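Given next are the chains, with one letter for each unit.
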Amino acid sequence: MRFDPPLEEGRLLRRYKRFLADIETASGEQMTIHCANTGSMLNCMSEGCRVWFSRSNDPKRKLPGSWEISETPQGRLACINTARANALVEEALRAGLITELAGFTAFKREVPYGVENSRADFRLEYPDGPVFVEVKSVTLGFADSDVAAFPDAVTQRGAKHLRELAALARAGVRTVQLYCVNLSGIRAVRAAEEIDPAYAAGLREAKAAGVEVLAYGAELSPEGIALVRRLEVLA
């Protein structure tokens, strides 16, 4: 995924009301931009940290830009725009980079499934049947550790998706929970049990039911983002 034009750099003044961020650009311009992240963004930002944003010239937009990347307190880069995760995974799937899911014959997005009114991020078709894929964006890192964690806040929606995947797996349908790790310098992913013990328990139950759990890490820069490597998933 290329940014065209490349992202502009600034520094964070504050994030507030979840979806707003005040920044100062390298030229000294102060502006309010959109923050497309519903989570806590724990360990993703600090006052005065470097940020990179895309600028829009669309007169219909209320805000002139979108926050894309943050430099974390640990010195990593994090793509805090969670809307990018599905596009990154789709790009990697179509390029055959996620080898565990290569060879599909058809591809659908946002497919209704389950008994709790869910939508799978992707349904891939293969000669021997479908595969349902749920994608989660991971940005929670820690000092002195190359293991990231999910979630960064309690997520009832995430727990629901695990239940839905587990039910399909028990019925003999192949299902995958895929963690898109939008954080540099990471080798592995784990459930953040200290933040959401119910989600961690749900992940263990889903794995026991036969849900495949995969993680792929991104390479990030102001020029673009791409999934480039398989990461370890810790129990």
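Residues numbered from 1 in each chain as written. Predicted model: local features only at pLDDT ≥ 70, side-chain atom pairs only at ≥ 80, totals over all residues. Heavy atoms only, no water.

Draft legend 1. Representation of the sheet that holds strand β11 (residues 174-181) within the structure. Taken together, the six strands give an open sheet; going across it, the order is β7-β8-β9-β11-β13-β14, and neighbouring strands pair in mixed fashion. Each of the sheet's edge strands pairs with one partner strand only, and the pair in question is β7 (106-113) and β14 (224-230). Looking at each pair of strands side by side, their axes are set apart by 35° on average, direction ignored. Direction of pairing for β7 relative to strand β8 (residues 118-126): antiparallel, over a ladder of seven bridges. Directly across from Y113, in β8, lies its bridge partner S118. (Pairing = 2+ DSSP bridges. Helix = DSSP H or I, 4+ residues; strand = E, 2+ residues; numbered from the N terminus. Axes fitted to C-alpha atoms, helices over the stretch in contact; angles between N-to-C directions.)

Draft legend 2. Local environment of the UniProt feature "domain: SfsA N-terminal OB" (unreviewed entry) in the protein. Mapped onto the present numbering, the UniProt feature "domain: SfsA N-terminal OB" (unreviewed entry) falls at residues 13-80. Taken end to end, residues 13-80 has its terminal C-alpha atoms 16 Å apart, with 0% of it in helix and 46% in strand. (UniProt positions renumbered as here; feature names shortened; annotations may be inferred.)

Draft legend 3. Focus on the domain arrangement of the protein. Examined at the domain level, the protein breaks down into domain 1 (8-75) and domain 2 (83-233). Spacing between the C-alpha centres of domain 1 and domain 2 amounts to 26 Å. Carbon and sulfur atoms supply 57% of the area buried between domain 1 and domain 2, which totals about 930 Å² over both sides. Notably, a salt bridge pairs E68 with R84, separated by 2.8 Å at the nearest N-O pair. (Domains from an automatic or database assignment. Buried area = accessible area lost by both parts, 1.4 Å probe. Salt bridge = Lys/Arg side-chain N within 4 Å of Asp/Glu carboxyl O.)

Draft legend 4. The nonpolar core, seen in detail. With 40 residues, the main nonpolar core has L12, I23, I33, W67, I80, Y179 and V181 as its most contacted residues. Each of domain 1 (8-75) and domain 2 (83-233) contributes no fewer than three residues to this core. If near-sequence neighbours (up to four positions away) are discounted, I33 is found in contact with F19, L20, A21, I23, F53, L63, G65, S66 and W67. Ranked by size, the runner-up nonpolar core spans 31 residues in total, among them C79, V133, A218 and L220. (Core = buried A, V, L, I, M, F, W, Y, C linked by side-chain atoms within 4.5 Å. Buried < 20%, exposed > 50% of the residue type's maximum accessible area, 1.4 Å probe, protein only. Contact = heavy atoms within 4.5 Å.)

Draft legend 5. Structural context of helix α1 (residues 84-94). All buried positions along α1 are accounted for by A85, L88, V89, E90, A92 and L93. Structurally, α1 contributes buried residues whose contacts are with β7, β8, β9 (129-138), β11 and β14. G96 sits one or two positions beyond α1 and adopts a positive phi of about 75°.

Draft legend 6. A look at the sheet that holds strand β15 (residues 232-233). One open sheet holds the three strands; their spatial order is β10-β12-β15, and the pairing between them is parallel. Every other strand in the sheet has two partners, leaving β10 (147-150) and β15 as the edge strands with one partner each. Pairing of strand β12 (residues 188-191) with β15 involves two bridges; the strand directions are parallel. By the bridge assignment for β15, A188 is matched with E232.

Draft legend 7. How the structure looks around the environment of V89. Relative to the assigned elements, V89 resides in helix α1. Given a relative accessible area of 0%, V89 falls into the buried group. V89 sits 102 residues away from A191 along the chain, and the two C-alpha atoms are 20 Å apart. Setting aside residues no more than four positions away along its own chain, V89 makes contact with I98, F122, V135, L178, C180 and L227.

Draft legend 8. Quick peek at the packing of aromatic side chains. One pass over the full model with this rule turns up six aromatic pairs. Taking 5.1 Å as the distance between ring centres and 55° as the angle between the ring planes, the aromatic pair formed by F107 and F122 counts as tilted. Placement of F107 in strand β7 and of F122 in strand β8 is noted, with a sequence separation of 15 residues between them. Classification of F122 by relative accessible area gives buried; the value is 1%. Ring geometry for F150 against Y199: centres 5.4 Å apart, planes inclined by 70°, an arrangement best described as edge-to-face. With F150 in strand β10 and Y199 in helix α3 (residues 197-209), the pair connects residues that are 49 residues apart, well separated along the chain. (Phe/Tyr/Trp six-rings, centres within 6.5 Å; stacked < 30°, edge-to-face > 60°.)

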